[in-house]
Amino acid sequence: MISDHYDVIVIGGGPAGSTTAALVAEYGHRVLLLEREEFPRFQIGESLMPGTYWSFKRLGLLEKLKKSAFVKKYSVQFFSGSGKGSAPFYFHLHDPHESSITYQVLRSEFDLMMMDNAREKGAEVKQGASVHQVHFSGDKATGVQIRYRDGQIKDMSASVIVDATGRSALISRRLKTKTIEPKLKKASIFTHYKGAFRDEGIDEGATLILHTQDKDSWFWYIPLADDVASVGVVGGLDYLLQNRKRTPQEIFEEELAKCIRMEERLAGAEQLFPMKVTQDFSYRSNTVAGEGWVLVGDAFGFIDPVYSSGVFLALKSGEMAADAIHEGIEKCDFSAGQLGKWGPEFLPGMEAIRKLVYAFYTKDFSFAKFLKAHPECIDGVINILKGNVYREDVTPIFEPMGQMCDLPETVDHYS
Ligand SMILES: Cc1cc2nc3c(=O)[nH]c(=O)nc-3n(C[C@H](O)[C@H](O)[C@H](O)COP(=O)(O)OP(=O)(O)OC[C@H]3O[C@@H](n4cnc5c(N)ncnc54)[C@H](O)[C@@H]3O)c2cc1C
């Protein structure tokens, strides 16, 4: 039985859900944010893109971030299989504005900060509240069933249900709108280290992306506060996990032995927890919204960890969905067309990142060679790395790039 009604119920208190909840509550609507965990909780995805600045500004979080202990990130640097480093991509050289500096965040603290912000803006927040069912009346989402930690079960109704459940993707799994990105079937093994080597000065906070010898896998190195570094390896699912009878720890160490620059950084460092494993994280729903429901962040889709785009896209979609929801409430229009009207605007940015991801995974493609042959594309590439994915100089890079590697067809059928 439905026992309580909200304008909006947001399921999931990660960056996407907290953004939508904060902004819809700020518009003055009644919002319930449901999170199954008790925060702080571990989450992967610690390196931010500079493009997140504008969402933080709107959310009123810039000052908190500036005062936080999160490490400042000025650049990203790539290393080839032979261990040769590219020149770092310094974001502020491209655009000397404070939005060019971003952060490496411990997600437990960052996500808590975002959830607290949603509460401060007026959203009602319940943790330990797992949604195990979204109620539908025909095609229209009408509410949720919540199971609390103590076993209590409660039904709530709302005009709009926002699925921000991350890779649980509650609604798109149920409605079978989720499509796996077939050429990006990847897996990852990761942990944190204390005392790993880190560069100094402006390079201290750089994200490093390091290919292993044969480019079958790559490592990320993300320096966090308190001398902790997040380190993970990513490779094809079959290569990394399915064709090897080894523990995650053994596989990680075997890959590490093929990545000299990473091995050097970790010499003498202390591993802080057992390896975590995740897989099949590249997918997308074939729609962003339906009658009475909308998907944001990873619940809509995720591409790949390589350019640290996940939180950026979570914030951006959370923001755009919040505006569409507010407008829908004002007009009493909860149709798919209204709640998903931001899709066609949002998608091209995600597509640009997706194409650059395909280029990264093309073994014989080299960004250095491409940019040498096409210096007019440098700004476009840097803009994608920064999260300025809607700039005019982004799309034109894919014509010449497509002549040097196989890029995917653009997906443009979203509503
Ligand atoms: C290996 C790997 C590395 C990555 N590295 C980066 C990186 O460096 N930078 C970056 O920006 N991104 C990175 N990402 C992506 C990033 O983790 C995600 O894009 C980001 O966390 C998405 O935020 P979200 O709010 O959509 O989902 P999440 O952060 O997953 O939050 C979803 C929340 O929903 C809650 N939830 C789930 N189901 C329910 C339910 N039924 N009821 C109630 N609550 C529920 C969960 O507990 C969770 O708190 C990486 C991803 C992977 C796989």
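Residue numbers run consecutively from 1 along every chain, following the written order of its sequence. Thresholds applied to this predicted model are a pLDDT of at least 70 for local features of residues and 80 or more for the giving and counting of side-chain atom pairs; totals over whole chains, interfaces and linings are not thresholded and use all residues.

**Section: the overall build of the protein chain**
A helix here means a DSSP run of H or I that spans at least four residues, while a strand means a run of E at least two residues long, and both kinds are numbered starting from the N terminus. For the protein chain, the count of helices and strands is 15 helices and 21 strands. Only C-alpha atoms enter the radius of gyration; for comparison, a globular chain is expected to reach 2.2 Å times N to the power 0.38, where N is the number of residues. Expected size for 415 residues packed as a compact globule is a radius of gyration near 22 Å; at 21 Å, the protein chain falls within 12% of this value. Using C-beta atoms placed from the backbone, we call a residue buried if 20 or more other C-beta atoms fall within 10 Å of its own, exposed if 12 or fewer do, and partly exposed for counts in between. Scored against the burial criterion, the 415 residues of the protein chain give a buried share of 49%. This entry defines residue contacts through backbone-placed C-beta atoms, with two residues in contact when those atoms are within 7 Å. Here the analysis covers contacts within the protein chain between residues at least 6 apart in sequence; of these, 73% occur between residues at least 24 apart.

**Observations regarding the packing of helix 1 (residues 15-26) against helix 10 (residues 310-331)**
Note on geometry: axes are lines fitted to C-alpha atoms, helical ones only across the stretch in contact, with angles between N-to-C directions running from 0 to 180 degrees. Running from N to C, helix 1 and helix 10 point in directions that differ by 30°, and their axes come no closer than 8 Å. With respect to each other, helix 1 and helix 10 are oriented roughly parallel. The crossing of helix 1 and helix 10 is right-handed. Facing Pro 15, Ala 16, Thr 19, Thr 20, Leu 23 and Val 24 of helix 1, the residues of helix 10 in contact are Val 311, Ala 314, Leu 315, Ser 317, Gly 318, Glu 319, Ala 321, Ala 322, Ile 325 and His 326. Polar here means any residue outside two lists: the nonpolar Ala, Val, Leu, Ile, Met, Phe, Trp, Tyr, Cys and Pro, and the charged Asp, Glu, Lys and Arg; Gly therefore counts as polar. Along the lines of polarity and charge, the residues of the contact of helix 1 with helix 10 split into 10 nonpolar, 5 polar and 1 charged. By definition in this entry, angles of less than 35 degrees are roughly parallel, angles greater than 145 are roughly antiparallel, angles of 65 to 115 are roughly perpendicular, and the rest are oblique. What makes a crossing left-handed is the near helix being turned counterclockwise from the far one by less than a right angle; a clockwise turn instead makes it right-handed.

**Quick look at unusual backbone geometry**
In this structure, Pro 40 follows Phe 39 across a cis peptide bond, with omega equal to 0°. Considering the arrangement of structural elements, one finds Pro 40 in the loop between strand 2 (31-35) and helix 2 (53-59). We note that Lys 176 has phi near 55°; this positive angle belongs to a residue other than glycine. Positionally, Lys 176 belongs in the loop between helix 6 (170-174) and strand 11 (178-180). A positive phi angle, near 65°, is found at Asp 227, a position not held by glycine. With respect to the element layout, Asp 227 can be found in the loop between strand 14 (217-223) and strand 15 (228-236).

**Quick look at the pairing of strand 12 (residues 186-194)**
Of all the 9 residues making up strand 12, 7 are buried; the element is thus mostly covered by neighbouring parts of the structure. We treat two strands as partners when DSSP finds at least two bridges between them. Pairing analysis gives 9 bridges linking strand 12 to strand 15, with the strands arranged antiparallel. Residue pairing in the sheet places Tyr 193 in a bridge with Ala 229 of strand 15. Both strand 12 and strand 17 (residues 276-279) contribute to a ladder of 4 bridges, which runs antiparallel. Bridge pairing in strand 17 links Phe 190 to Lys 276. Alignment of strand 12 against strand 16 (residues 270-271), held across 2 bridges, turns out to be antiparallel. Residue Tyr 193 lies in a different strand from strand 16, and its bridge partner there is Gln 271.

Geometry only, nothing functional implied.
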